[in-house]
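Report on the structure
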Amino acid sequence: MIAELLAGHREPGVYTWPVDRKEASRGATEAERAGWRAFWLDGHGVHDKRTLLERCAEEFILPSYFGHNWDALQDCLTDLSWVPANTGYLVLYDRWRELADADPATHQTLLDVFTTAVEHWRRTSTPMAVLLLVTEEDRERAPVGLPDA
């Protein structure tokens, strides 16, 4: 999956990625060696919008002016000038099911924000891809309506 993205054989998008965390970590390392900026968004303990936005502020190293709302998150994810990447941006979203189960509307809004950011970066020379990790514990659960990577 990561190799296809890095080689340009798969269009950057928002995908689920059936993978174990060790392999995902290796993929992040491979992406960074190829000049991509990798972010590991860990959703463990994230059950609401406030906590999610705090976690995003930490992981994406958002500037102090980040307004902790959806518009501000979208604006920041379509800028990222404070964390430049040579080749692209890769977001690995782990343990996202906690938010999806606790607050489906917030989870869907986050996916919409990610989709908008991916579409923005697609028009540049620095693409963005978002991969929702589907680990062994997730595989028996219902699909989420996103294409698999």
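See the structure above.
On a predicted model such as this, the values are computed, not experimentally measured, just so you know.

Moving on: the sheet that holds strand β3 (residues 88–94). Backbone hydrogen bonds hold the strands of a sheet together, and the pairing may be parallel or antiparallel. One open sheet holds the four strands; their spatial order is β1-β4-β3-β2, and the pairing between them is parallel. With one partner strand each, in any of the chains shown, β1 (14–18) and β2 (36–42) form the two edges of the open sheet. When strand polarity is set aside, the average angle formed by the axes of neighbouring strands in this sheet is 25°. Across five bridges, the pairing between β1 and strand β4 (residues 128–134) is parallel.

Right, let's talk about the packing of aromatic side chains for a bit. All told, the structure shown has four aromatic pairs when counted by the stated rule. Taken together, the aromatic side chains of F39, F60, Y89 and W121 make up a single cluster linked through ring pairs. When the ring centre of Y15 is taken as origin, the NZ or CZ atom of R10, which lies over that ring, is 5.3 Å away.

Before going further, it helps to spend a moment on helix α3 (residues 49–59). The set of residues buried in α3 consists of T51, L52, L53, C56 and A57. Measuring from the side-chain oxygen of the N-cap residue of α3 to the backbone nitrogen of R50 gives 3.4 Å; that N-cap residue is D48.

Formed by 36 residues in total, the largest nonpolar core has its most connected members in L73, Y93 and F114. Secondary structure elements with two or more residues in this core: β2, α3, α4 (70–77), β3, α5 (97–102), α6 (104–122) and β4. Broken down by element, this core gets its largest block of residues, seven residues, from α6. Among all residues touching Y93, those that are not within four sequence positions of it are L41, G43, L52, L99, H107, L110, F114, L131, L132 and L133. In this structure, W17, L90, L131 and L133 belong to the second largest nonpolar core, which totals 16 residues.

Calculation criteria
Residues numbered from 1 in each chain as written. Predicted model: local features only at pLDDT ≥ 70, side-chain atom pairs only at ≥ 80, totals over all residues. Heavy atoms only, no water. Pairing = 2+ DSSP bridges. Helix = DSSP H or I, 4+ residues; strand = E, 2+ residues; numbered from the N terminus. Axes fitted to C-alpha atoms, helices over the stretch in contact; angles between N-to-C directions. Phe/Tyr/Trp six-rings, centres within 6.5 Å; stacked < 30°, edge-to-face > 60°. Lys NZ or Arg CZ within 6 Å of the ring centre and 35° of its normal. Buried < 20%, exposed > 50% of the residue type's maximum accessible area, 1.4 Å probe, protein only. Polar contact = N/O pair within 3.5 Å; in protein donor to acceptor, adjacent residues only side chain to side chain. Core = buried A, V, L, I, M, F, W, Y, C linked by side-chain atoms within 4.5 Å. Contact = heavy atoms within 4.5 Å.

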